[in-house]
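# Chains, contacts and geometry: an overview
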Amino acid sequence: AHAFVFAGPAGVGKRATAFALAQAVLCSEAPGEGCGKCVECHLVAAGTHPDVVLEDLASAQAERASASFVSIEQVRRVSAALGLRPVRGTRKLGIIDQAERLTQDAQNALLKTLEEPRGQATLILISTNLDALLPTIRSRCQRLLFAPLADELVATLLERSGIEPAVAGRAAALAGRSLDRARELASSEGW
């Protein structure tokens, strides 16, 4: 698809999946899968790949300290970047995280990109609230719905990242099925 909406609760892997998709699309060693080891995969993981554009609320706040929405200027940057030819890979990818924070004007500006997709571009909108997006946006994107994670999976993922099993189990039980929240709880500050 030329456009996706990844929707679901916070902390269940929507952003990680978007970056995994970018790696799979741009990977030079394992096209369609992503090896996680080549230069392209490392650039995507580091957020520095020239063919991947990310905009989110944090970017808006870096520009305007009091920002509480993803602005029309950010959408225009993504749309402009998607209109260019890829620099290193075969496609351009635009990722807008916290898409539920797009202003109505920003969503309307995004419609042109969705209505006239470029052959070498993919747009990914990440949202915790699918209903916050205009129906015209939702209808032009392929939707992937994410569910909360099982406590056992959260604990396993924490353990794989080096957290002690007892701490991982407690953090997973208290995290409300969110890996991000479990990571916060498992940190020394979280306890």
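Anything mentioned here points back to the structure above.
My aim in this report is to walk through the structure given alongside it, one point at a time. Just so you know, these numbers come straight off a predicted model, no measurement behind them.

### Considerations on the packing of helix 4 (residues 72-82) against helix 5 (residues 104-115)
Between helix 4 and helix 5, the shortest axis-to-axis distance is 8 Å and the interhelical angle comes to 10°. As judged from the angle between their axes, helix 4 and helix 5 are roughly parallel. Here Ile72, Val75, Ser79 and Leu82 of helix 4 come into contact with helix 5, specifically with Asp105, Ala106, Ala109, Leu110 and Thr113. For the contact of helix 4 with helix 5, the residue count by class is six nonpolar, two polar and one charged.

### Overview of the nonpolar core
Residues Phe6, Val52, Ile95, Ile124, Val154 and Leu158 are the most contacted members of the largest nonpolar core, which totals 27 residues. Those elements that provide at least two residues to this core are strand 1 (3-7), helix 1 (14-26), strand 3 (92-96), strand 4 (121-127), helix 7 (151-160), helix 8 (165-174) and helix 9 (179-186).

### Description of helix 2 (residues 39-46)
Buried within helix 2 we find Glu40, Cys41 and Val44. Down the axis of helix 2, the sector holding all buried residues measures 95°, keeping them to one side. Projecting away from the buried face of helix 2 at angles above 90 degrees are the exposed residues Val39 and Ala46. Of the surrounding secondary structure, the elements contacted by the buried residues of helix 2 are helix 1 and strand 2 (52-55).

### Looking at the pattern of salt bridges
As enumerated under the stated definition, the model contains 10 salt bridges in all. Across the salt bridge formed by aspartate 56 and arginine 15, the nearest N and O atoms sit 3.1 Å from each other. Here aspartate 56, found in the loop between strand 2 and helix 3 (57-63), pairs with arginine 15, found in helix 1; they are 41 residues apart in sequence, far enough to count as distant. Note on arginine 15: relative accessible area 32%, which makes it partly exposed. In the salt-bridge network here, residues are joined through shared partners; they are Arg15, Asp56 and Asp97.

### Some points on the sheet that holds strand 3
On the basis of which strands lie adjacent, the open sheet formed by five strands has the order 2-3-4-1-5 and parallel pairing. The sheet terminates laterally at strand 2 and strand 5 (142-145), the two strands that pair on one side only. Adjacent strand axes in the sheet meet at a mean angle of 15° when their direction is disregarded. Two elements, strand 3 and strand 4, share five bridges in a ladder whose sense is parallel. Bridge pairing links leucine 93 to threonine 122 in strand 4.

### Description of unusual backbone geometry
Glycine aside, residues mostly have negative phi, and peptide bonds are mostly found in the trans state. Located in the positive-phi region is glutamine 98, a residue other than glycine, with phi close to 60°. Structurally, glutamine 98 can be placed in the loop between strand 3 and helix 5.

### Some words on the packing of aromatic side chains
What the rule picks out here adds up to two aromatic pairs. Ring centres 6.0 Å apart and planes at 55° place the aromatic pair phenylalanine 4 and phenylalanine 6 in the tilted group. The buried category is assigned to phenylalanine 6, whose relative accessible area is 3%. Measuring from ring centre to ring centre gives 5.5 Å for phenylalanine 6 and phenylalanine 146, while their planes differ by 45°; the resulting arrangement is tilted. With phenylalanine 6 in strand 1 and phenylalanine 146 in the loop between strand 5 and helix 7, this pair connects stretches of sequence that are 140 residues apart. As far as burial versus exposure is concerned, phenylalanine 6 and phenylalanine 146 are alike and both buried. Grouped by ring-pair contacts, the aromatic residues Phe4, Phe6 and Phe146 constitute a single cluster. Across the ring face of phenylalanine 69, the terminal group of arginine 101 is positioned such that the distance to the ring centre comes to 5.0 Å.

Each value, and the rule that gives it
- Residues numbered from 1 in each chain as written.
- Predicted model: local features only at pLDDT ≥ 70, side-chain atom pairs only at ≥ 80, totals over all residues.
- Heavy atoms only, no water.
- Axes fitted to C-alpha atoms, helices over the stretch in contact; angles between N-to-C directions.
- Helix = DSSP H or I, 4+ residues; strand = E, 2+ residues; numbered from the N terminus.
- Parallel < 35°, antiparallel > 145°, perpendicular 65-115°, else oblique.
- Contact = heavy atoms within 4.5 Å.
- Nonpolar A, V, L, I, M, F, W, Y, C, P; charged D, E, K, R; others polar.
- Core = buried A, V, L, I, M, F, W, Y, C linked by side-chain atoms within 4.5 Å.
- Buried < 20%, exposed > 50% of the residue type's maximum accessible area, 1.4 Å probe, protein only.
- Arc of directions from axis to C-beta.
- Salt bridge = Lys/Arg side-chain N within 4 Å of Asp/Glu carboxyl O.
- Pairing = 2+ DSSP bridges.
- Phe/Tyr/Trp six-rings, centres within 6.5 Å; stacked < 30°, edge-to-face > 60°.
- Lys NZ or Arg CZ within 6 Å of the ring centre and 35° of its normal.

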